[in-house]
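What follows is the residue order along each chain.
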Amino acid sequence: MDSAVLPLWLSAIAAVLTVGLAAAFAVVALRAQRALVSQLRMMEDLYQRDAEQRARAQAQLVAAWPVSERSTYESLLRRGIVGAAIRNGSESPVYDVELIYRDVPAAWIAVRQVGTVPPAAAAEVFAGFDEERTEGRPDPSRINPDGSIKLAPSAAMKVEIRFTDGLGVRWSRDSTGVLTQLPPGTPRMSTVAPDAEVEPVHG
């Protein structure tokens, strides 16, 4: 009878060992899978960061800033009210360029459509705007006795530039220099149809 019971115990032990080994292999496989998933996620993150960096490479070299009426372009900017310099320091043109001027205390915003800005070693100055509008209420100190709005000097304006890079990505750089990728389908700031290519103002 003992000889009949012994194989049953051996079978039970073998079964337990088999289950234990299977569980151990399962744990090892699960850990390996998790490590692989983690590595894949890390590689995906690195690829995404690299793609974002490459996408920003051209945009980081495009900037705009306001210029003063007391500069070389005094008469032109006085007639056009505002003016800004644009420099495209990349190796390719940027497209659908818009200059957005804001005088917050005056609740005033103006938009200039520039079109295409080619690469250049020096900045080009663009004067005037295509349209203007009011956003909110002006500060009482900016309201003249006749009801008109007193605007800040051109150099004191906040200037934002929006443009499309060579990959078709739309960007914005605000008056503090912060570069932001705009979501696809972001509407243009201008509400009027673009005219022919705009020539920069030369001194």
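Just so it is clear, the structure is predicted and the values come from calculations on it, not from any experiment. All residue numbers refer to position in the chain's written sequence, counted from 1. In keeping with the predicted nature of the model, local features appear solely for residues at pLDDT of at least 70, side-chain atom pairs appear and are counted solely at 80 or more, and the whole-chain, interface and lining totals rest on all residues. Side-chain calculation: all heavy atoms of the structure are included, whereas hydrogens and water are not.

1. Points about the overall build of the protein
And then number 1: Along its length, the protein carries two helices and nine strands.
And then number 2: Relative to its full complement of 203 residues, the protein shows a buried share of 31%.
And then number 3: We call two residues in contact whenever any of their non-hydrogen atoms come within 4.5 Å of each other. In the protein, 63% of the contacts between residues at least 6 apart in sequence involve partners at least 24 apart.
And then number 4: Using a 1.4 Å probe, accessible areas were evaluated by the Shrake-Rupley method; residue-level cover was limited to the displayed protein chains. Surface accessibility of the protein: about 13100 Å² in total, with carbon and sulfur atoms responsible for 60%. Under the DSSP-based scheme used, a helix requires at least four consecutive residues in state H or I and a strand at least two consecutive residues in state E, with every element numbered from the N terminus. Categorising residues by exposure relies on relative accessible area from a 1.4 Å probe, with only protein chains included: less than 20% of the type maximum marks a residue as buried, more than 50% marks it as exposed, and the intermediate range marks it as partly exposed.

2. Topic: the environment of Leu-61
And then number 1: Here Leu-61 is to be found in the loop between helix H1 (2-59) and strand S1 (62-66).
And then number 2: With relative accessibility at 44%, the residue Leu-61 sits in the partly exposed group.
And then number 3: For the pair Leu-61 and Arg-87, spaced 26 residues apart in sequence, the C-alpha to C-alpha distance is 7.9 Å.
And then number 4: Once residues within four sequence positions are removed from consideration, Leu-61 is found in contact with Arg-87, Asn-88, Gly-89, Ser-90 and Arg-173.

3. Focus on the nonpolar core
Across soluble globular proteins, nonpolar side chains show a tendency to be buried alongside one another.
And then number 1: Put simply, buried Ala, Val, Leu, Ile, Met, Phe, Trp, Tyr and Cys residues joined by side-chain atoms within 4.5 Å make one nonpolar core. The biggest cluster of nonpolar side chains holds 24 residues, and the ones touching the most others in it are Ile-86, Val-97, Leu-99, Tyr-101, Ile-161 and Phe-163.
And then number 2: If you list the elements that add at least two residues to this core, you get H1, S1, strand S2 (83-88), strand S3 (94-103), strand S4 (108-117) and strand S7 (158-164).
And then number 3: Once residues lying within four places of it in the same chain are set aside, the contact partners of Phe-163 are Ala-59, Val-62, Val-94, Tyr-95, Asp-96, Val-97, Val-169, Arg-170, Trp-171 and Leu-179.

4. Section: the pattern of salt bridges
And then number 1: Any carboxyl oxygen of Asp or Glu that lies within 4 Å of a side-chain nitrogen of Lys or Arg is treated as forming a salt bridge with it. Counted by the stated rule, this structure contains seven salt bridges.
And then number 2: Residue Asp-96 is joined to Arg-188 by a salt bridge in which the shortest nitrogen-to-oxygen separation is 3.7 Å. With Asp-96 in strand S3 and Arg-188 in the segment after strand S9 (179-181), this residue pair connects regions lying 92 residues apart in the sequence.
And then number 3: Taking relative accessible area as the criterion, Arg-188 reaches 33% and is therefore assigned partly exposed.
And then number 4: In this structure, a network of salt bridges that share partners links the residues Asp-96, Glu-98, Arg-170 and Arg-188.

5. Concerning unusual backbone geometry
And then number 1: In the Ramachandran plot, Asp-96 falls in the positive-phi region, its phi being about 50° despite a non-glycine side chain.
And then number 2: In this structure, Ala-107 takes a positive phi of about 55° despite not being glycine.

6. Thoughts on the sheet that holds S2
Paired through their backbone hydrogen bonds, the strands of a sheet run either parallel or antiparallel.
And then number 1: Here, any two strands with at least 2 DSSP bridges between them count as paired. Sheet architecture is open: three strands sit in the order S1-S2-S5, paired in antiparallel fashion. The open sheet terminates on both sides in strands that have one partner only, identified here as S1 and strand S5 (124-127). Averaged over all neighbouring strand pairs, the angle between strand axes comes to 25°, with direction disregarded.
And then number 2: Relative to S5, S2 runs antiparallel, the two being bridged by four bridges. Here an angle of 0 to 180 degrees is reported between the N-to-C directions of two axes, which are lines fitted to C-alpha atoms, with helices fitted over the stretch in contact.

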